[in-house]
Every structure is written in C-alpha cells, then in structure tokens.
Amino acid sequence: MQKIYSKIESIVGNVITVRASGVKNGELGLVSYKGGQSMANVIKLDDDVVSLQVFSGAQGISTGDQVRFLGVPMQVSYSDNLLGRVFDGTGSPRDNGPAMKTNLIEIGGPAVNPAKRIIPRNMIRTGLPMIDLFNTLVESQKLPIFSVSGEPYNELLARIAIQAEVDLIILGGMGLKYDDYLFFRDTLEESGAMSRTIMFIHTASDPTVECLLVPDMALAVAERFALDGKKVLVLLTDMTNFADAMKEMAITMDQVPSNRGYPGDLYSSLASRYEKAVDFEGAGSVTILGVTTMPGDDVTHPVPDNTGYITEGQYYLKGGRIEPFGSLSRLKQQVNAHTRDDHRALMDGMIKLYASYKESLEKRSMGFMMTEWDEKLLKYGDLFERKMMDLSVNIPLEAALDLGWEILADCFDPADTGLRTDLIRARWPKAIE
Amino acid sequence: MAKSMGRVKGVNGNMVTVEFDSAIAKNEVGFIQVGDERLKGEVIRIRGNEAALQVFEMTGGVAVGDQVEFTSEMLSVELGPGLLQQIYDGLQNPLPELAAQCGFFLQRGVYLKPIPDNEWQFTPVAKKGDVLSAGDTFATVIEGLFTHQIMVPFDLVDGPWTVASIKKAGTYHVRDTICSVQNERGVKHDLSMVFTWPVKQAIKLYEERLRPTETLVTKIRTIDTFLPVAKGGTYCTPGPFGAGKTVLQHLTSRNADVDIVIIAACGERAGEVVEVLKEFPELIDPRTGRSLMERTIIICNTSSMPVASREASVYTAVTIAEYYRQMGLDILLLADSTSRWAQAMREMSGRLEEIPGEEAFPAYLESRIAEFYERAGKVRLKDGRTGSVTIGGTVSPAGGNFEEPVTQATLKVVGAFHGLSRERSDARKYPAIDPLTSWSKYSGVIDAKRVEEARSIVFAANEINQMMKVVGEEGTSVADYVTYQKGELVDAFYLQQNSFDPVDASVPVERQRYIFDRLYEMLQANLRFEEKSEVRAFFYQLRQNFLDWNNTAFLDDEFKAIEAKITDLIATKERRVG
Ligand SMILES: Nc1ncnc2c1ncn2[C@@H]1O[C@H](COP(=O)(O)OP(=O)(O)O)[C@@H](O)[C@H]1O
Ligand SMILES: [Mg+2]
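Residues numbered from 1 in each chain as written. Chains lettered and ligands numbered in written order. Predicted model: local features only at pLDDT ≥ 70, side-chain atom pairs only at ≥ 80, totals over all residues. Heavy atoms only, no water.

### Digging into the sheet that holds strand 14 (residues 170–173) of chain B
Residues and elements named next belong to chain B.
In step 1: Here four strands make up an open sheet; going across it, the order is 12-11-9-14 and the pairing antiparallel. Strands with a single pairing partner mark the edges of an open sheet, and in this sheet they are strand 12 (146–151) and strand 14. Put simply, the sheet's adjacent strands are angled 45° from each other on average, direction ignored.
In step 2: As paired strands, strand 11 (residues 137–143) and strand 12 are joined by six bridges and run antiparallel to one another. Pairing of Thr-137 across the sheet is with Met-151, part of strand 12. (Pairing = 2+ DSSP bridges. Helix = DSSP H or I, 4+ residues; strand = E, 2+ residues; numbered from the N terminus. Axes fitted to C-alpha atoms, helices over the stretch in contact; angles between N-to-C directions.)

Right under this line is the structure:
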C-alpha cells in the first residue's frame, strides 16, 4: 500500500510536514516536485503530522507537491560491485556507472555487543615515524586528525590510506571542496588503490541533509565487508562539517542548543558513528580515520572536544607536522610491546627529551643563559623535527627506531638519555666508553 | 491490579507519546509492540491521558497507533545470588547471554533474565514460626567469596511476617519457592532467592547511617595519603579527555580495599570495558587469592548503546550496590562517566520540551546528581554489622573547563575532589591529579599534620616555580631553590606513580607509611648548600635513588640498600645542629 499524500502542511528549513496515517518512524518518503524527486526520511511523528527531512533540501518544494511513503527505512546496496565506485550521500552514483539497487542493507544499524568485542592486537603501518613509532595506529581503532583548516589533512589521510595494508578503503566525504574530491579520486587512481575503494561523497555545494547520511552509508557498507572477513579502513573527512549539518537540522527542529548552537545529543550522535570501529572475532575489522577541523585552532570547540572524548586518541596536525604533544593513540600500548624491544623505551625517552628541548627553546626566547645541556637539546630538537616529524619522511618502523638511536647518539652521551642500560648496550650506534 | 493499555500518539527520537486508558504510574514500565518486537520504555511524564515514554531502544519503525502495554511495575532490577561476575547492560540484560543468542550485534526488544538460572546450596537460618520483616535474612547461600544472605523482599513492608514453611538445607533452583510467609491479616507470600526492587528508589532498610570515617585504601599514594576516599563516602574525578580518568578508575577497581566493585561504564568507549572484562578473569586479587572478576560486576552501557538505558544504568548499578550492603559488605561503585548520564537526562529533557537551564541541562540536574551520590553511605544494619557503598564518578567537562554545570553540581555533594589536569597529563605525570586544586574531607592513612606540612611544601614549590619563570633561576635564592626542589621531589617520588611497574602500580598502606616517613624526614632536614648547581646535582641524585626505591620490593635487600644510600646522601648535606 503506497498511498500518495498531496498536501504538505509546512516547510521549514529542510523539513516538511504532511498529514498521513500508518507511517513508521524512520521510514522513507519520496517527494515529487517541480525540480524532480527527492527522498526524505521521517524524523518525527505527532498524531497524524509526519515530519520528514528532505535529502535534496526543501528548496522549490510547494505545499501542493506529493509525498509517497515507501515503507522501508534508508538503505544502501552492498556487493563487490561497489568497488571502485563513487556515490553521493543518498547512494546514487556520482560517477557514470549504473545505479545500485540490489542487495540492500539498512544503515545506522544496532551497536556491537561489547561482550563480543576483542582487545585490538594488530598494528597498521603508515610509514610515518610520528605515527608508527610514537602513536601507533591499531586495527579497529577510531582516530581523528585534529587540524586547523589549511593544513594538509586530506593529503595525510590519502597517504595513510594508500600505504595501509587493508583490503578495502571506504571514503566518506562531507562538505568536501570539489577539488579535494578530485584530489582523492586521482590520488587513489594513480596509486592503484581505487579498485579497492568505495566513495560516498558529499561536496560543499550538495544539499546539507545528504551530508548527514554519509557516515552511516559508509559505515554500514564497511561493517558488512568486515563481517565478510575484510579489513576495512574508513576515512571520514570532515566530521566538523557533519556536526555542522546536525546543528543546522537541530535548529530547524527548534531544539534547544547545548553548546555554541550544537544539539545536546552531539556526543551520542558522533559516538554512534565512531563506535562502529570494531574487530570482529573470526572475521574482518573496521578502522576509522577521521578528520576534525578545529575552528580557530580551538581544541575546546564542541566538535573536537566531544570527538576527543569518543575516539581512541587523535593526531594533532599543526604547521604541516604531527605534533607529539596533543597527539595520542590510546591503543598503542596494545601493540608496541610486540614490535621491537626498544620501541616503548625509545618512544618515551625521545618524547621526554623533545619536551626538554621545548623548555630550552622557551628559556632561550626569554633571554636566559644556554648551558651545555641546553645546546645538546637544541641540536636534538632540530634533528628530531627534520628527520622524524617531517611528513615527507616515509620509512618502516624498524628504520625509524634505528634513526631514533642515530639522532640520540649524534646529540647525547648515553647517560643523558635516561634510557635503560641494557638497551643502550644493545642499540647505541657508536662505541660506548 | 488491571494493567493499563495504550496506543502510540507520537514519536520524537526515543521519546514516545502514549495515550492510555486506565491508571498508570510515573516510572512505570511499558512495552510498545512493533511488529513482533516489544520495546521497553519507562513513563517519565504524565499529562491528562498522555504519557511520555522514554524508550530504551531505537524507535525506528514505531508508528502512531502501535499498541502499548503497561506493566504496573516500576523500572526494577532483579536481586539475588548470581549477580557477581555478571556483565549487564544498563537495564540488567546479561550481555554475554545476549551475544550467545543474538550474535555480534545488540538486538532490540530482547530482554533476558538477569539472574542466571542456577542452583544454589541453600542453608536456612529461619525456621517455621519465626517472625521476620522486610530485609531480614531467612537463609544463606555461598556465592563465591561471600555468604550471600537470602532476605525477605525489601518491598514486603506490611509485615511482620511469620514463616509458614521453609525448605530444608539442600540444593534448590534460584527461582524455586523456598519459604512461605504470612502476615497477621493472612496475606501470604511465596519467596524464592530472587526478588525485584525499583532502581530509582534507595534501599534504606538499615538502622542508621554512620559517618564515613574509615579510609578506603586504593593503593594510590596521592589518594590514600593526600586526597583520601572513605568507605561510604563519595568522590569525583573530573578531567579533560585523555587526562587519565578511566585508567585511574581501572586501577582503583583492581586495588581498592573493598569486598565488591561495581563498574558502571556509562556512555563511554566500549573498548575500555572490553579490557576489563578480558583482563579481570585472569588477574588474581591479592586480598583473596581468587580471580578479580569474582568480586566484580560490570554495568556496561557504552556510548553507542541506547541513551535512555544509559540514564538507567547508574541507578541499576547503585541499586545492586545497596543490595550487597544489606549483607554487611563494603561496595565501591565506579561510574565512568557521570557526564554522559547527565547528557542522557539533557537529551530527554529536550524532547520533553522542558525549560532548559545552563548549557541546556534540565533544571533538576543538581538535585538528581545529589540524590545519586546520597545513595552512598556507611550504615549500621539491624544485626549490628556495618556495610558501605562508596561512589566515585568521573566527570567529563566540556572543553576540560570545570566551570560547567555537571562538575559544579557534583562538587557540591561529594566528599573528595580529584581534579585531573591537562598540564600534568601532557607532561606524563600520572596519575594526573592536580595536587594544588584537589581536596578531600576524609582522613587518610598518614598523620594529617605531617601530610599538611608536605602539602605546603608542594604549594610553596609551585609558587617559587611560577616566580622562576619570570626572574629565571638566576634571580632565585638558594633557600627558595631548595624548597622548589623539595616540592619537585615530593611530586616525582610520591605523587606520581608508575602504573606499568609491577611494584609501583599498587602501594599498600604499610609501605606508604614507611616511605612517607623517610620523605618527611628529608623534607624536615636542615640542608646546607653553597650554590644552586650543587642543589640541583644533589636533588637529581636523590630523586634517582628515591625513584629506584619505588621499584623495589618492600623491605627486601635492595630496598634496604637504596634506603641506606638515601640516608647517606642526605647526611652529606645535613647541617649539624649544636
Ligand atoms: N596512570 C597512567 N599511567 C600511564 N599512562 C596513563 C595513565 N593514565 C593515563 N595514561 C595514558 O593516557 C591515556 C588516556 O587515559 P584515559 O584514562 O583513557 O583518559 P580519560 O579517561 O581521562 O579520557 C591512556 O591511554 C594512557 O596512554
Ligand atoms: Mg575515559
């Protein structure tokens, strides 16, 4: 039974209401109007007044237009045919390929039972010492790049994706600049990764509501592939645009904002997406690497703030480098005990020395005297930033560890480093007196 | 009583408006029939013949006109033997059993029996003809480490009840009738080992509440010595993300000197709970020599699980805590994070279109927080024994700024405040409890006067450090520099604790007293220095020795050797008096 309703009662923002009966919460409606057709989903029921958010936006919809309810919630097609394809937020092709209408699965499905989760155990190699050595990325981790706008966060994301040893990459683009979309497409194509990539792209000029659908589409497909045994890496950029789309919706719906205009359920909404990251025992996994741009470089802004409380750490991108302070991989300790025996000690030791270097820098800037120790630190800090932190560095973890020892030996006597004597004996690259 | 029926009138997120036909109560449970699924909800507001039902599930597919069946029962938990070691969601659904039945994903509308269908070795303590009241023990079973008392259900208040019959000692199913009681008016009840209690109502079947005077030892030095927690007390741990709230609670849940620990993982990462539930069964509790899991209950309603059951989860946890307190046990409830619980209230309040308070939290936020923490307490039971519920909650303030409603409301009602600072965690100074701003109203394991003196040195050192940032080391006197170094030593050696070191991770009271004495003597010592470089060299060496000391087993040879080294080192700089 697909009854057609042809009286739209109200149009506010991207939300329309119609009087209808028998409609289910969350189900899809098809709105036909002069501009064409758009899907919409039911977001509220009040007696016979049904509120729908219109995916293409309510622009051009008139009160006399028609709504037909489809009886099913939002779904996405799932099959190997998705590989190499590009879709928009509603799942329609953005490339010239055929529409995908078969094997539909629901999006925004239930959470994984915590009792079925396992402790993450596999490192994901990126070739970046600031990640592999200092804040190791782990399979099934959820981790955003915190970035000021203007930083090369999409380049970083693409590079990690290409290099990561995963079966599948799913890119969810939200409010992407068109150029950035083309950048991702071309980069993935050039590297040969496109054939194992699926894209759901919302660009800055597309309707806001479609932006809201992108993470759920991407994650629903990712989850299925993971259940089928695939290691999936999901890239979500930029989650701040997603949050802003939620803000816009909430204000349309007259919700009381909690913090700088964002709705009170911002935390839960972000969490239900990020928590899709999982390692299925006996099957595959979903790893989520996101981008959260920080308006005004303010980490206490509601979006990065709520995100930090949800994700398993963050990479803090600043001045074209991943900052050691502010960056954190909460799962690193699950894997870095099993990589190489000097990994943990070198990780801690080098960061502590880098912190001391920062202090020396500050002392110098205040005009205080530089001691011999300060001079050592200054040399160390410079080498560390050039050889370890620079994003162009691309070496395996083992080489990064060796490089770490070389930098230390270049600048310090063994005892200066605070590292354990047995490690120094085994690893110090110069002769020890 | 006839159960009321209703039909759905509106749906807004997880808030469903229901038109009902006969009397219903606030906090009564109702089920919405959606296809062949039954979705549980709780009545949170009644207006005319319309009830607002907060639904504990996702509400996709619910339609106007769907049938609602009310239960005439409040949202309750099942109490009885078998609660220990369980992993429940916020509504007391056992998650491992759910996984066995439904697989990887949570499935809405599936509600399993909370108390497992086990048989227990039953020992009656009452006999036919005995007169009992609600909460009185009529039998016992051995539940792992404890003698679990089987009590007259707490809601049987129209006693006294005379035992009409009681089973002989033997093995019975937890839901078998094992005792029948009757009151003067001839009302009869058949009792099993299980009964229910509404979660939002505190259990108060005790003689009196006592002041929380006994320290609850956590084996974390900075807490037990400087910022103690008391059995039956309350404390909170606010801090920005990544400052170490969860790690601190996990450490506490392992080491706390209590009988039972209840972990309420409320609206945060699922992965963190997984660490507990995979590791605890493998860890040995030094107090009992048994697996840590045997004294643990986990209430797990993590961030992507339904928000309404997150709201319920802290009540589920505290009700189970109160139940075990009735057996004369000490229970520690750790909730991570109370901010997520507050946010769940905020979401619901928004859907009810209530007038919002600060940051859109409901006006009743403060009173709900106060009510929750008030359920902690040390009590004297009718039989003279005591029991306690201690509550520790983390707070996740927006932007890490403590000037926000949840932190402020919590600070008003708790007895201790362990504020974590970003500055300390960035500097990897763990636990990142800020010694300057944190406080406790409870008494610790070490003489308060001496602790106060040590604390004042930490404060003074901080002031000197601030000054040095302006005038440089050059502009600081030797005496001030010594004080500064003493403060740094207290921090490095005593306040900071390495949770990865097998020895340092948990420090028993005896050792805290012993090493604090040494530290105190050092702080009091009259040291003589000519210049600052000498001070620095001395304190660096001293610090190294003290830190090594922290990693050696208590009172073994190496421990004593390092102690002697410390004594000798201090003696080299000590000014002889007279
Ligand atoms: N006591 C500690 N010892 C060592 N590392 C710690 C300690 N506390 C926290 N950390 C580090 O900080 C990270 C974040 O801690 P966590 O407790 O999860 O923070 P929060 O709950 O405040 O967000 C941990 O993953 C760990 O790397
Ligand atoms: Mg935490």
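So that's the structure; there's more coming.
### A look at the packing of helix 6 (residues 338–351) of chain B against helix 7 (residues 365–374) of chain B
Residue and element names in this part refer to chain B.
In step 1: The interhelical angle for the contact between helix 6 and helix 7, taken along N-to-C directions, is 135°, at an axis separation of 11 Å. In this view, helix 6 runs oblique relative to helix 7, as classed from their interaxial angle. Crossing of helix 6 against helix 7: the hand is right-handed. For the pair formed by helix 6 and helix 7, the contact residues are Thr-338, Trp-341, Ala-342 and Met-345 on the first element and Leu-365, Arg-368, Ile-369, Phe-372 and Tyr-373 on the second.
In step 2: When its residues are assigned to classes, the contact of helix 6 with helix 7 shows seven nonpolar, one polar and one charged. (Parallel < 35°, antiparallel > 145°, perpendicular 65-115°, else oblique. Left-handed = near helix turned anticlockwise from the far one by under 90°. Contact = heavy atoms within 4.5 Å. Nonpolar A, V, L, I, M, F, W, Y, C, P; charged D, E, K, R; others polar.)

### A word on the site of ligand 1
In step 1: Taken together, 14 residues form the shell around ligand 1, and within it Arg-330 of chain A together with Gly-242, Lys-245, Thr-246 and Val-247 of chain B come nearest.
In step 2: Residues lining ligand 1 come from chains A and B.
In step 3: Contact distances for ligand 1 include 2.7 Å between an oxygen atom and a backbone N or O atom of Gly-242 of chain B.
In step 4: Thr-246 of chain B places a side-chain nitrogen or oxygen 2.7 Å from an oxygen atom of ligand 1.
In step 5: Among the elements that make up the shell around ligand 1, the one with the highest residue count is helix 3 (residues 245–255) of chain B (three residues).
In step 6: Residue classes in the shell around ligand 1 are distributed as six nonpolar, five polar and three charged. (Near = heavy atom within 4 Å. Polar contact = N/O pair within 3.5 Å; in protein donor to acceptor, adjacent residues only side chain to side chain.)

### Overview of the interface of chain A and chain B
In step 1: Each side of the interface is counted separately: chain A has 53 residues, and chain B has 62 residues.
In step 2: Together chain A and chain B conceal approximately 4,900 Å² of surface at their shared face, both sides included; 57% is due to carbon and sulfur atoms.
In step 3: Here chain A and chain B share two salt bridges between them.
In step 4: A salt bridge links Asp-47 of chain A to Lys-9 of chain B; the nearest nitrogen and oxygen atoms lie 3.4 Å apart.
In step 5: Where chain A meets chain B, there are 23 residue pairs in polar contact (both at pLDDT 80 or more).
In step 6: If you list the elements that add at least two residues to the side of chain A that touches chain B, you get strand 5 (36–46), helix 4 (208–227), strand 17 (257–259), helix 6 (266–274) and helix 7 (302–310) of chain A.
In step 7: When residues of the side of chain A that touches chain B are assigned to their parent elements, the largest contribution, six residues, is made by helix 7 of chain A.
In step 8: Classifying every residue of the side of chain A that touches chain B gives 25 nonpolar, 15 polar and 13 charged.
In step 9: Note that strand 5 of chain A and strand 1 (residues 5–12) of chain B share three bridges and pair antiparallel. If you follow Leu-45 of chain A over to strand 1 of chain B, its bridge partner there is Val-11 of chain B. (Buried area = accessible area lost by both parts, 1.4 Å probe. Salt bridge = Lys/Arg side-chain N within 4 Å of Asp/Glu carboxyl O.)

### Some remarks on the confidence of the model for chain B
Detailed reading of the predicted coordinates is not advisable wherever pLDDT falls low.
In step 1: Within chain B, residue pLDDT values average 94, and 99% of them lie at 70 or more.
In step 2: Scoring the predicted complex yields pTM 0.94 and, for the interface, ipTM 0.91. (pLDDT = per-residue confidence, 0-100.)

### A word on the nonpolar core
Across soluble globular proteins, nonpolar side chains have a tendency to be buried as a group.
In step 1: Residues Leu-83, Phe-138, Met-193, Ile-262, Ile-297, Tyr-323 and Tyr-324 of chain B are the most contacted members of the largest nonpolar core, which totals 78 residues.
In step 2: Aside from chain neighbours lying at most four places away, what touches Phe-138 of chain B is Pro-124, Val-125, Ala-126, Leu-132, Ile-150, Met-151, Val-152, Ile-166, Ile-178, Cys-179, Leu-191 and Ser-192 of chain B. (Core = buried A, V, L, I, M, F, W, Y, C linked by side-chain atoms within 4.5 Å. Buried < 20%, exposed > 50% of the residue type's maximum accessible area, 1.4 Å probe, protein only.)

### Here's the deal with the sheet that holds strand 13 (residues 161–166) of chain B
Consider a sheet: its strands pair through backbone hydrogen bonds, and that pairing is either parallel or antiparallel.
Residues and elements named next belong to chain B.
In step 1: Strand order across the open sheet formed by four strands is 10-13-15-16, with antiparallel pairing between neighbours. On the outer flanks of this sheet lie strand 10 (131–132) and strand 16 (188–191), each paired with one strand and no other.
In step 2: The pairing of strand 13 with strand 15 (residues 179–182) spans four bridges and is antiparallel. Directly across from Ile-166, in strand 15, lies its bridge partner Cys-179.

### Points about the side chain of Ser-79 of chain A
In step 1: Relative to the helices and strands, Ser-79 of chain A is located in the loop between strand 8 (75–77) and strand 9 (86–87).
In step 2: With near-sequence residues (within four places) excluded, Ser-79 of chain A lies in contact with Met-100 and Phe-225 of chain A.

### So, the environment of Gly-41 of chain B
Residues and elements named next belong to chain B.
In step 1: Here Gly-41 lies in strand 4 (residues 37–47).
In step 2: Under the relative-accessibility criterion, Gly-41 is labelled buried at 0%.
In step 3: Sequence-wise, Gly-41 and Glu-57 are 16 residues apart; in three dimensions their C-alpha atoms are separated by 8.0 Å.

### Some remarks on the domain arrangement of chain B
All names here are of chain B.
In step 1: Domain boundaries assigned for chain B yield domain 1 (5–74), domain 2 (116–193), domain 3 (208–440) and domain 4 (448–573).
In step 2: Centre-to-centre separation of domain 1 and domain 3, based on C-alpha positions: 31 Å.
In step 3: Counting residues at the interface gives twelve residues for domain 1, matched by ten residues for domain 3.
In step 4: Taken together, the two surfaces of domain 1 and domain 3 that pack against each other cover about 920 Å², and 58% of this comes from carbon and sulfur.
In step 5: For domain 1, the biggest contributors to the area lost against domain 3 are Asn-14, Gln-54 and Phe-56; these three give 46% of the whole.
In step 6: Across the contact surface, domain 1 and domain 3 share zero salt bridges.
In step 7: In this assembly, domain 1 and domain 3 are joined by three residue pairs in polar contact (both at pLDDT 80 or more).
In step 8: Listed by contribution, the elements that provide at least two residues to the side of domain 1 that touches domain 3 are strand 4 and strand 5 (50–55). (Domains from an automatic or database assignment.)

### Thoughts on the domain arrangement of chain A
Accessible area lost upon the coming together of the parts serves often as the stated size of an interface.
In step 1: With domains assigned, chain A is organised as domain 1 (4–73), domain 2 (76–334) and domain 3 (343–427).
In step 2: For domain 1 of chain A and domain 3 of chain A, the distance between their C-alpha centroids amounts to 61 Å.

### A word on the packing of aromatic side chains
In step 1: Enumeration over the complete set of coordinates arrives at 47 aromatic pairs over all chains.
In step 2: An angle of 85° between the planes, with centres 6.5 Å apart, marks the rings of Phe-146 of chain A and Phe-241 of chain B as edge-to-face. Linking Phe-146 of chain A in strand 13 (residues 142–147) with Phe-241 of chain B in the loop between strand 21 (234–238) and helix 3, this pair reaches from one chain into another. Taken as a pair, Phe-146 of chain A and Phe-241 of chain B share a single burial class, namely buried.
In step 3: Chaining the aromatic ring pairs together yields one cluster made of Phe-226, Phe-493, Tyr-494, Tyr-514, Phe-516, Tyr-520, Phe-546, Trp-549, Phe-554 and Phe-559 of chain B.
In step 4: Between Lys-116 of chain A and the ring centre of Phe-104 of chain B, over which it is positioned, the NZ or CZ distance is 5.2 Å.
In step 5: A cation sits over an aromatic face here: Lys-247 of chain A above Tyr-262 of chain A, 4.4 Å from the ring centre. (Phe/Tyr/Trp six-rings, centres within 6.5 Å; stacked < 30°, edge-to-face > 60°. Lys NZ or Arg CZ within 6 Å of the ring centre and 35° of its normal.)

### Some details on helix 5 (residues 239–252) of chain A
Residue and element names in this part refer to chain A.
In step 1: With 14 residues, helix 5 should cover 20 Å at 1.5 Å per step; its first-to-last C-alpha distance of 20 Å lies within 8% of that length.
In step 2: Residues of helix 5 that are buried include every one of Met-239, Thr-240, Phe-242, Ala-243, Ala-245, Met-246, Met-249, Ala-250 and Thr-252, and no others.
In step 3: In the stretch just after helix 5, Asp-254 is the one whose phi turns positive, near 60°. (Expected span 1.5 Å × (residues − 1).)

### Some details on the environment of Arg-269 of chain B
In step 1: Secondary-structure assignment places Arg-269 of chain B in the loop between strand 22 (260–266) and helix 4 (270–279).
In step 2: You can call Arg-269 of chain B buried: its relative accessible area is 4%.
In step 3: Expressed as a C-alpha distance, the spacing of Arg-269 of chain B and Thr-302 of chain B, which sit 33 residues apart in the sequence, is 5.8 Å.
In step 4: At a separation of 3.1 Å, a polar atom in the side chain of Arg-269 of chain B contacts the main-chain carbonyl oxygen of Gly-308 of chain A.

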